[in-house]
Amino acid sequence: MSPKSHHASGGDRAMKVSPKFSNTSAYITLVSSDSVLFHVESDHLRSASVVFRDMFDAATHSSKETLLLDAPAKSATLFLQLCVCNPLPELTIVEVRTCMALVDKYDEFGLRNEIFVGLQTAATTHP
């Protein structure tokens, strides 16, 4: 399922903002399924995902946009860390599966390879 547009009207103030993605001047705000806000530069999403790139190319306006992300905050954080090339923390297999589901959903094949390389490195470093 693709992200859904959501035009919030002041209700965002009661929502928690992700400390890792708190730049309120960012063009895009993603809202996780558990109501955490992620302020992200559209260029990061555009370069990481064909789905986001096509969505932004099709947009007819240039105002700030709020999109609902069909994932909880923890998964969204891992996914966005990959999008902006931040190092990932050590992950459990459940977290890897959840993050991979988002990578597949948003067509981020380059990120899939990065995850596999990270898993291979972790497997050889921490047998």
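Time to look at the packing of aromatic side chains. Per the counting criterion, the structure on display carries two aromatic pairs. Plain terms: the ring middles of F21 and F38 are 6.1 Å apart, the flat faces sit at 55 degrees to each other, and that makes the pair tilted. Placement of the pair is F21 in strand 2 (residues 16–22) and F38 in strand 4 (residues 36–40), with a sequence separation of 17 residues. For the pair F21 and F38, a shared accessibility class is recorded, and that class is buried.

It is worth spelling out the side chain of T77 at this point. Assignment of secondary structure puts T77 in helix 3 (residues 73–83). Residues in contact with T77, not counting those within four places in the same chain, are S18, K20, F21 and F38.

Unlike most non-glycine residues, S35 shows phi in positive territory, near 65 degrees. One can find S35 in the loop between strand 3 (28–31) and strand 4. Residue S35 is classed as partly exposed on the basis of its relative accessible area of 34%.

A separate point is the confidence of the model for the protein chain. Confidence in the prediction for the protein chain averages 76 pLDDT; 72% of positions are at 70 or higher. When mean pLDDT is compared element by element in the protein chain, strand 4 scores highest at 95, while strand 1 (residues 4–5) scores lowest at 38. Note that pLDDT drops below 50 for residues 1–13; the model gives that stretch 20 contacts with residues more than four away or on any other chain.

For the rest of this paragraph, the subject is the environment of L67. In this structure, L67 sits in strand 5 (residues 65–68). Given a relative accessible area of 1%, L67 falls into the buried group. Sequence separation between L67 and T29 is 38 residues; the distance between their C-alpha atoms is 6.3 Å.

Along the chain, K16 falls in strand 2. Overall, K16 belongs to the exposed group, its relative accessible area being 58%. Distance from K16 to F38, taken between C-alpha atoms, is 9.2 Å for residues 22 residues apart in sequence. Leaving out residues up to four positions away in the same chain, K16 has contacts with S35, V36 and L37.

Each value, and the rule that gives it
- Residues numbered from 1 in each chain as written.
- Predicted model: local features only at pLDDT ≥ 70, side-chain atom pairs only at ≥ 80, totals over all residues.
- Heavy atoms only, no water.
- Phe/Tyr/Trp six-rings, centres within 6.5 Å; stacked < 30°, edge-to-face > 60°.
- Helix = DSSP H or I, 4+ residues; strand = E, 2+ residues; numbered from the N terminus.
- Buried < 20%, exposed > 50% of the residue type's maximum accessible area, 1.4 Å probe, protein only.
- Contact = heavy atoms within 4.5 Å.
- pLDDT = per-residue confidence, 0-100.

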